[in-house]
Every structure is written in C-alpha cells, then in structure tokens.
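# Chain and residue survey
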Amino acid sequence: MDVYQGSVTALVPFFVAERAYTYAAASGIVLAASLLSSVAQPLFGALTDRWAMPWLLPLSTLLGGVGIALSGLSGDYALTLAFVAVSGIGVAAYHPESARVARRASRGSHTAMSWFSVGGNVGFALAPLLVAAVVATGGLRCTPFLVVPALAGAVLCLPVLRALGGTASGGRAGATAGVDDARSFVKLSLAVVCRSIVFVGLSTFISFYARQRTGGGVAAGTAALFVLYVGGAAGTVAGGSLAARWDRVTVVRRSYLLTVLAVAGIVFVPGPAFYLFVALTSAGLYVPFSLQVTLGQDYLPTRAGTAAGVTLGLTVSVGGLASPVLGAVADAASLRVALAPLIALPALAWLLFRTLPEPAVPAPAAEPRPVREYAP
C-alpha cells in the first residue's frame, strides 16, 4: 500500500515537466492525497475499534492503486486531484486495520512491529523507481501500469488473512486492559505532526533540490528520493532493536536530535555529501516510526484503532497540508528558503518527547469478546 503514498511525490516532477505545474500547483497534488486521508483515517480507526474488518485490507489496496493508475490519464487538474484523493482514501482505510492486525499478531513485540513497518518503508523506497521505470519511458499516459502492485497486494492479503484466522478478525482493540493517557497521546501526536511536515516536505521537493545541490538531472533527483525512502527501512528496523535495549521514548528523543543535524546538512551542504545527509535524515525520521505507533496504542490502550488512525493517519497527513505553503515560498523565494524552517521541527519534536513517560505495555485480554463484522 505504501508504494502508492510514495508514488504521489514521485509523480510530482513528471506533472511539472509534462504539464508545466508551478511548485505550488504540484504540491497541491500531495495535498489532495493527504487531505481526505487525514480526516478519514481516524474514522476508520474508530470503526476498527468497534468491528473487525479484515476485508478492508485487500479492498483498500485496490482503491489506492486504482487512484494512482488513473491520475496520469487526464490533463485536467481537478480530475488529477480527484484521482489522487481516491488513492488517499484507500490509504486511509488500510492503515488502522493493518496496524490492529499486526499488533495482535506481534503480541506487543516492538521488533515485530518494526518489521511490519519495514514493508511500508520498502514500498516507499520502490515508488520512485517504479514510477521512473513506467512514466519516464512512456509519459504520464502509462500510469495505468502502476495498478499492478495493487492487484498483487490484494491477492496476497487473502491467504494471509486466512492464516491469521482469529487473530485477524477476532476481538476488539478495546478489549485490551489499561487506562488511557490522553495528555501524553496529544503530545505524541504533536511530535508526529512535526515529523510529518519534515518528511512530506522533503519528499515533495527533494528531487528538485537534489538537482540544484549536485548539478545532476532527473536521475539525481530520483536517487535522492530513493535514498530518502530506502533509509527508512534501516531506520525502522534499528528502532525496534534499540527499543529492546532502551525504552521507546529515549530512542525516539535521541533520533530527533540526530535529525536536526541531518536536515541542516540537506539544506546547506552541496555536492555528493548531500546524499549522506539525506540518508541520515531518513534514518532519523524512521527510527521513531513504528515506535510512535505502539506508543500511541499504549497511551490509548482501550482505543488502539483510533490511536493507529491518528498516529498513522491524521498527524502523518498534516505534512501534506503544509506542502502548498512550502511550494508557495519556493515559488516566491527559493527551495532553500522553503526547506530551511524544516530544521526546527525535529527540535520541537525532541522537546515534546522530553516530557513524555514510557507507558507500561498492556496485556491483551485472555478471551477477546466476539464482535460483529461488516459485510463488504
């Protein structure tokens, strides 16, 4: 599924090249993918707290792929926004239920959840390569070929859900024992917002900025986007391993300090070293990724689906809301001026984590209560 989140930003340079979009118009496409998703994910999370809906996994995967596949067919800007928004709805439906299933299957293991998140990181990393292979050769009219991963993913969901059996469909997240800590959850969510703005802002403009900093062409921009995404896989796995040695809050706090320096390197360091700082930024942003999801679920143990919908959805998608602002600044001044404020956001996330407690991991109820399932 995350290959389609990554595809939105990977398609932006091609929309600019073929349709002469401004930075602001191009970032509006990222906004379209994020806007409905940001509102819908907490709603889907609340639904998965009440009903188990594993059928959402293949259905939402198809929806995400179809939206991206259709986005390049029409030159009409409004239709392009609409198709990308459809893909965003698919993403919104997928994440809360997948996080619920993964957390139950992992039995609370941070390492297992990090490996679950790695799948999304790999999807992000493959997106620019997939888009470049398809669109760079035949133009935007070839975007229908991008539906193939969605078809494969939907088919792969079916045996997985059967193998999980009761784990996939049984029990409410609300059956988990514990007391909600709403105050800590709000602080966590604000930190995730900071991370989101940095990640989405860089995802949207790193291809253009890489060309300026390295003097390269389209390949230089694609390489920078690939490094930004693929570094997330290493960061996510490292986060799960580090959390087994130290507590999650400490690991996340230190990773945000690293990210402050890494983003500063992206903004100010030219030449080949630029890619090193992109890799460090990727790791610094992704070490906290799966840890923040489980922290959110542990701060709201009786509403784990809602917590996942917020930490994976609403707060993450806020980055898309900031992209048009960055685009407008880039059009008015320069990309460096637009990206420079991103240095401060990991520092703000670090400050928020300084006052967060490490929650106790709640034990799941021995016998989950049976729930009703919606028919698709």
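It should be emphasised that the depicted structure is a prediction, and the values quoted were computed from it without experimental measurement. (Residues numbered from 1 in each chain as written. Predicted model: local features only at pLDDT ≥ 70, side-chain atom pairs only at ≥ 80, totals over all residues. Heavy atoms only, no water.)

### Quick word on the overall build of the protein chain
For the protein chain, the count of helices and strands is 15 helices and zero strands. Burial statistics for the protein chain: of 376 residues in total, 57% are counted as buried. Partitioning the contacts of the protein chain with sequence separation of at least 6, the portion at a separation of at least 24 is 86%. Surface summary for the protein chain: the accessible area is close to 14300 Å², and the carbon and sulfur share equals 71%. (Helix = DSSP H or I, 4+ residues; strand = E, 2+ residues; numbered from the N terminus. Buried < 20%, exposed > 50% of the residue type's maximum accessible area, 1.4 Å probe, protein only. Contact = heavy atoms within 4.5 Å. Areas by Shrake-Rupley, 256 points an atom, 1.4 Å probe, with all protein chains shown as cover.)

### A look at the confidence of the model for the protein chain
Averaged over all residues, the pLDDT of the protein chain is 79; the fraction at 70 or higher stands at 81%. Mean pLDDT across the elements of the protein chain ranges from a minimum in helix 7 (residues 166–169), with 44, to a maximum in helix 15 (residues 344–354), with 94. Considering only residues more than four positions removed or in separate chains, one finds that residues 364–376, a stretch of pLDDT under 50, has 26 contacts. (pLDDT = per-residue confidence, 0-100.)

### Focus on helix 12 (residues 289–299)
The buried fraction of helix 12 is high, at 11 of 11 residues. Taken residue by residue, helix 12 has Phe289, Ser290, Leu291, Gln292, Val293, Thr294, Leu295, Gly296, Gln297, Asp298 and Tyr299 as its buried positions.

### Concerning the packing of aromatic side chains
Overall, the coordinates contain eight aromatic pairs when judged by the stated rule. Seen from their ring centres, Tyr21 and Tyr77 are 5.2 Å apart, and the 85° between their planes marks the pair as edge-to-face. Highlighted residues: Tyr21 in the loop between helix 1 (2–19) and helix 2 (23–50) and Tyr77 in helix 4 (residues 77–106), separated in sequence by 56 residues. A relative accessible area of 28% places Tyr77 in the partly exposed class. Taken together, the aromatic side chains of Phe199, Tyr229, Tyr286 and Phe289 make up a single cluster linked through ring pairs. Against the face of Trp246 rests Arg245, its NZ or CZ located 5.7 Å from the ring centre. (Phe/Tyr/Trp six-rings, centres within 6.5 Å; stacked < 30°, edge-to-face > 60°. Lys NZ or Arg CZ within 6 Å of the ring centre and 35° of its normal.)

### Overview of the packing of helix 8 (residues 182–214) against helix 12
Two elements in contact, helix 8 and helix 12, have axes whose closest approach is 9 Å; the angle formed by their N-to-C orientations is 160°. The angle between the axes of helix 8 and helix 12 places the two elements in the roughly antiparallel class. As for the relative orientation of helix 8 and helix 12, their crossing is left-handed in sense. Here Ser184, Phe185, Leu188, Val192 and Arg195 of helix 8 lie close against helix 12, whose contacting residues are Phe289, Gln292, Leu295, Gly296 and Tyr299. Of the residues in the contact of helix 8 with helix 12, the class split is six nonpolar, three polar and one charged. (Axes fitted to C-alpha atoms, helices over the stretch in contact; angles between N-to-C directions. Parallel < 35°, antiparallel > 145°, perpendicular 65-115°, else oblique. Left-handed = near helix turned anticlockwise from the far one by under 90°. Nonpolar A, V, L, I, M, F, W, Y, C, P; charged D, E, K, R; others polar.)

### Overview of the side chain of Ser184
With respect to the helices, strands and loops of the structure, Ser184 is situated in helix 8. A relative accessible area of 6% places Ser184 in the buried class. For Ser184, the side chain forms a polar contact with the side chain of Asp181, separated by 2.7 Å. When near neighbours in sequence (up to four residues on either side) are disregarded, Ser184 contacts Tyr299, Leu356 and Pro357. (Polar contact = N/O pair within 3.5 Å; in protein donor to acceptor, adjacent residues only side chain to side chain.)

### Regarding the nonpolar core
Grouped together as the largest cluster of nonpolar side chains are 84 residues, with contacts concentrated most on Leu188, Leu202, Ile206, Leu228, Phe274, Leu342 and Phe353. Looking at which element gives the most residues to this core, the answer is helix 8, with 16 residues. Discounting chain neighbours no more than four positions away, the residues touching Leu188 are Gln292, Leu295, Gly296, Tyr299, Thr311, Phe353 and Leu356. Counting seven residues, the second largest nonpolar core, distinct from the first, contains Ala40, Trp51, Met53 and Ala93. (Core = buried A, V, L, I, M, F, W, Y, C linked by side-chain atoms within 4.5 Å.)

### What to know about the pattern of salt bridges
Considering all chains together, one arrives at two salt bridges under this definition. Note that Arg248 is salt-bridged to Asp298, the shortest N-O span being 2.8 Å. Taken together, the residues Arg248 in helix 10 (residues 248–268) and Asp298 in helix 12 connect sequence positions 50 residues apart. For the pair shown, Arg248 and Asp298 are each scored as buried. In this structure, the salt-bridge partner of Glu358 is Arg248, at a minimum N-O distance of 2.8 Å. You can see Glu358 sitting in the segment after helix 15 and its partner Arg248 sitting in helix 10, a full 110 residues away along the chain. Here the residues in one salt-bridge network are Arg248, Asp298 and Glu358, joined through shared partners. (Salt bridge = Lys/Arg side-chain N within 4 Å of Asp/Glu carboxyl O.)

### Focus on the environment of Gly221
Within the secondary structure layout, Gly221 lies in helix 9 (residues 218–245). For Gly221, a relative accessible area of 0% corresponds to the buried category. For the pair Gly221 and Phe205, spaced 16 residues apart in sequence, the C-alpha to C-alpha distance is 9.2 Å.

### Thoughts on the environment of Ser7
Here Ser7 lies in helix 1. The residues touching Ser7, leaving out its near neighbours within four places in the chain, are Ile68, Ala127 and Val131.

### Side note on a nonpolar patch on the surface
A contiguous nonpolar surface patch, about 220 Å² in accessible area, is contributed by Val66, Leu70 and Leu73. Topologically, Leu73 is positioned in the loop between helix 3 (56–71) and helix 4. (Patch = residues over 30% accessible without salt bridge, like charges linked within 9 Å, V, L, I, M, F, W, Y side chains within 5 Å.)

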